[in-house]
Amino acid sequence: MNPFSILQSILTIVLALMFVGMGLLHFLPGPGRTMAAMIPDRLRGTTVTPRMLVLFTGVCEIAGGLGLLIPATRIAAVCCLIVFLIAVFPANAAAARQPARFGRLAVPLVPRLIGQLVLIAALVAVAI
């Protein structure tokens, strides 16, 4: 194995653990309630509740993380996780504007954006 392949393998495992871990947080009562409060108003008032969306996104993160570990599904998992990161960014941006309400989940906007871009770059590195 060359050094890039080794680094890529390590990065794949780290990302998989991170996404699975973050996905599991969606199922814990405290973080789940906080994440449900982050759901934008335009997605409220439908038959799909904010809590259902939180659970769904948790499943997406867990599935994406596990998908990174399986070579046959890695590219699909990378693509889905990139779409996921883009899709949840508005909720994270809204939370960033309300740190008193969302506590440590309210990462300031610029660091959050940089973090999302770093994650997307890391996912691309895993896919190439």
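Just above sits the structure.
Residues numbered from 1 in each chain as written. Predicted model: local features only at pLDDT ≥ 70, side-chain atom pairs only at ≥ 80, totals over all residues. Heavy atoms only, no water.

A. View of helix H3 (residues 50-69). Between its first and last C-alpha atoms H3 spans 29 Å; for 20 residues at 1.5 Å apiece the expected length is 28 Å, and the two agree. As for H3, its buried residues are in contact with helix H1 (3-25), helix H2 (29-37), helix H4 (74-96) and helix H6 (109-127). (Helix = DSSP H or I, 4+ residues; strand = E, 2+ residues; numbered from the N terminus. Expected span 1.5 Å × (residues − 1). Contact = heavy atoms within 4.5 Å.)

B. Molecular detail of the nonpolar core. Core analysis: the largest hydrophobic core is formed by 16 residues, its most contacted members being Leu15, Phe19, Leu68, Val78, Leu85 and Leu123. Here the element with the most residues in this core is H4; it accounts for seven residues. Ignoring sequence-local partners within four residues, the contact set of Val78 consists of Leu68, Leu123, Val124, Val126 and Ala127. (Core = buried A, V, L, I, M, F, W, Y, C linked by side-chain atoms within 4.5 Å. Buried < 20%, exposed > 50% of the residue type's maximum accessible area, 1.4 Å probe, protein only.)

C. Quick peek at the state of the cysteines. Tallied over the full model, the rule gives zero disulfides. Considering cysteine sulfurs only, Cys80 is the nearest to Cys60, which forms no disulfide, with 8.2 Å between them. Not engaged in a disulfide, the cysteine Cys79 finds its nearest cysteine sulfur in Cys80; these two sulfurs lie 6.8 Å apart. With relative accessibility at 44%, the residue Cys79 sits in the partly exposed group. (Disulfide = S-S within 2.5 Å.)

D. Expanded view of a nonpolar patch on the surface. On the surface, Ile13, Leu17, Leu66, Leu69 and Ile70 cluster together to form a nonpolar patch covering roughly 480 Å² of accessible area. When residues of the nonpolar patch are traced back to their parent elements, those giving at least two are H1 and H3. One can find Ile13 in helix H1. Overall, the relative accessible area of 46% leaves Ile13 in the partly exposed class. (Patch = residues over 30% accessible without salt bridge, like charges linked within 9 Å, V, L, I, M, F, W, Y side chains within 5 Å. Areas by Shrake-Rupley, 256 points an atom, 1.4 Å probe, with all protein chains shown as cover. Salt bridge = Lys/Arg side-chain N within 4 Å of Asp/Glu carboxyl O.)

E. Here's a closer look at H6. Compared with the 27 Å implied by 1.5 Å per residue over 19 residues, the 27 Å span of H6 between its first and last C-alpha is a close match. For H6, every residue scored as buried is listed here: Arg112, Gln116, Leu119, Ile120, Ala122, Leu123 and Val126. Looking down the long axis of H6, one finds its buried residues gathered within 160° of arc, a one-sided arrangement. Among the exposed residues of H6, those pointing more than 90 degrees away from its buried face are Val110 and Val118. (Arc of directions from axis to C-beta.)

F. Geometry of the packing of H4 against H6. Axis separation between H4 and H6 bottoms out at 10 Å; the angle between their running directions is 180°. Considering the angle they form, H4 stands roughly antiparallel to H6. Along its contact with H4, which presents Arg74, Ile75, Val78, Leu81, Ile82, Leu85, Ile86, Val88, Phe89, Asn92, Ala93 and Ala96, the element H6 presents Leu109, Arg112, Leu113, Gln116, Leu119, Ile120, Leu123, Val124, Val126 and Ala127. Classifying every residue of the contact of H4 with H6 gives 18 nonpolar, two polar and two charged. (Axes fitted to C-alpha atoms, helices over the stretch in contact; angles between N-to-C directions. Parallel < 35°, antiparallel > 145°, perpendicular 65-115°, else oblique. Nonpolar A, V, L, I, M, F, W, Y, C, P; charged D, E, K, R; others polar.)

G. Representation of the environment of Ala106. Following the sequence through the fold, Ala106 ends up in the loop between helix H5 (99-102) and H6. The spatial distance from the C-alpha of Ala106 to the C-alpha of Val20 is 20 Å, given a sequence separation of 86 residues.

H. Main features of the side chain of His26. Here His26 shows up in the loop between H1 and H2. Taking relative accessible area as the criterion, His26 reaches 6% and is therefore assigned buried. A distance of 2.8 Å separates a polar atom in the side chain of His26 from the backbone oxygen of Met22. Separated by 3.2 Å, the side chains of His26 and Glu61 make a polar contact. Setting aside chain neighbours within four positions, we find His26 in contact with Gly32, Met35, Arg51, Val54, Leu55, Thr57, Gly58 and Glu61. (Polar contact = N/O pair within 3.5 Å; in protein donor to acceptor, adjacent residues only side chain to side chain.)

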